[in-house]
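Working through the structure, step by step
So the chains spell out like this:
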Amino acid sequence: MIKLTVDQIKEIAQDLDCGIKCYINKETGIIITTPDFDSGYADEELWDDDIKELEENWDKYVEIHKMESHESFEIMADFAENVDSKELKDSLVNALNRKHPSQNFKWVVDNSGPYRQKWFDFKNQKLIEWVENELEALYTIEKYKS
């Protein structure tokens, strides 16, 4: 399987965070992205060429899956635990322990001044690490298949 560049890994991480599906051609490293058509928000017609390529060559592609909700929750919890402001840390932990934790966490972060950017940087780094781990697992699986 082809090794991806740092920029490609960052791009995949950003796409996954936006709910976009990512497929990598194991032979060429070409990345195809499509919306999650199961969500009902995208017109498949706009991606006909990509869908056709995937359908006709499915065995040449692997999908990088997005994080499960509990994994996203862990990232939020990790950030909350590592914040250097006790007041903000308490607010974030409280937000995560209430109903709709992601929504509450987002509201607290969005109103936290400079910590908002720190959250985005932290989250982006964790997403990149996630993609790297997923790729490593796929490389291992492909190695055993060959």
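Everything here concerns the structure above.
Reading the values: rules and limits
- Residues numbered from 1 in each chain as written.
- Predicted model: local features only at pLDDT ≥ 70, side-chain atom pairs only at ≥ 80, totals over all residues.
- Heavy atoms only, no water.
- Pairing = 2+ DSSP bridges.
- Helix = DSSP H or I, 4+ residues; strand = E, 2+ residues; numbered from the N terminus.
- Patch = residues over 30% accessible without salt bridge, like charges linked within 9 Å, V, L, I, M, F, W, Y side chains within 5 Å.
- Areas by Shrake-Rupley, 256 points an atom, 1.4 Å probe, with all protein chains shown as cover.
- Salt bridge = Lys/Arg side-chain N within 4 Å of Asp/Glu carboxyl O.
- Lys, Arg positive; Asp, Glu negative; His and termini not counted.
- Charge placed at Lys NZ, Arg CZ, Asp CG, Glu CD.
- Axes fitted to C-alpha atoms, helices over the stretch in contact; angles between N-to-C directions.
- Parallel < 35°, antiparallel > 145°, perpendicular 65-115°, else oblique.
- Left-handed = near helix turned anticlockwise from the far one by under 90°.
- Contact = heavy atoms within 4.5 Å.
- Buried < 20%, exposed > 50% of the residue type's maximum accessible area, 1.4 Å probe, protein only.
- 1 Å grid on protein atoms, 1.4 Å probe; cavity = no way out; pocket = protein on both sides within 12 Å on 5 of 7 lines; lining within 4 Å.
- Points joined across faces, edges and corners; volume = space filled by probe spheres on them.

Another aspect to go through is the pairing of strand 2 (residues 31-35). One ladder, built from five bridges, connects strand 1 (residues 20-25) with strand 2; its direction is antiparallel. Paired with C22 across the two strands is T33, which belongs to strand 2. Between strand 1 and strand 2, which pair antiparallel one after the other, the connecting turn spans five residues, and G29 there sits at a positive phi close to 80°.

Taken together, the side chains of D38, D43, E44, E45, D48, D49, E55 and E56 make up a negatively charged region of the molecular surface. With respect to the secondary-structure elements, E45 resides in the loop between strand 2 and helix 2 (48-56).

Turning our attention to the packing of helix 3 (residues 69-82) against helix 4 (residues 86-96). Between helix 3 and helix 4, whose axes approach to 8 Å, the crossing angle comes to 155°. It follows that helix 3 is roughly antiparallel to helix 4 by the angle criterion. The handedness of the crossing between helix 3 and helix 4 comes out as left-handed. Along the contact surface, helix 3 presents F73, M76, A77, F79, A80 and E81, while helix 4 presents K89, L92, V93 and L96.

Applying the stated rule across the entire model yields six salt bridges. Note that E129 is salt-bridged to K126, the shortest N-O span being 3.9 Å. One end of the pair is E129 and the other is K126, both in helix 6 (residues 115-145) and three residues apart, which spans about a single turn. Overall, K126 belongs to the partly exposed group, its relative accessible area being 27%. Connected through shared salt-bridge partners, K106, D110 and R116 make up one network.

Turning next to the sheet that holds strand 1. What the three strands build is an open sheet, ordered 2-1-3; its pairing is antiparallel. With one partner strand each, in any of the chains shown, strand 2 and strand 3 (61-64) form the two edges of the open sheet. Averaged over all adjacent pairs, the angle separating strand axes in this sheet is 30°, with direction ignored. The sheet contact formed by strand 1 and strand 3 spans four bridges and is antiparallel. Across the sheet, residue C22 finds its bridge partner in strand 3, namely I64. Running at roughly 150° to strand 1, helix 1 (residues 6-17) makes contact with strand 1, strand 2 and strand 3 of the sheet.

Its volume calculated, the largest pocket comes out at about 570 Å³. What lines the largest pocket is a set of 23 residues, and nearest its centre among them are D17, S72, M76, W119 and K123. Of all elements in the fold, only helix 1, helix 3, helix 5 (101-110) and helix 6 reach the threshold of two or more residues within the lining of the largest pocket. Per-element tally for the lining of the largest pocket: the top contributor is helix 5, with seven residues.

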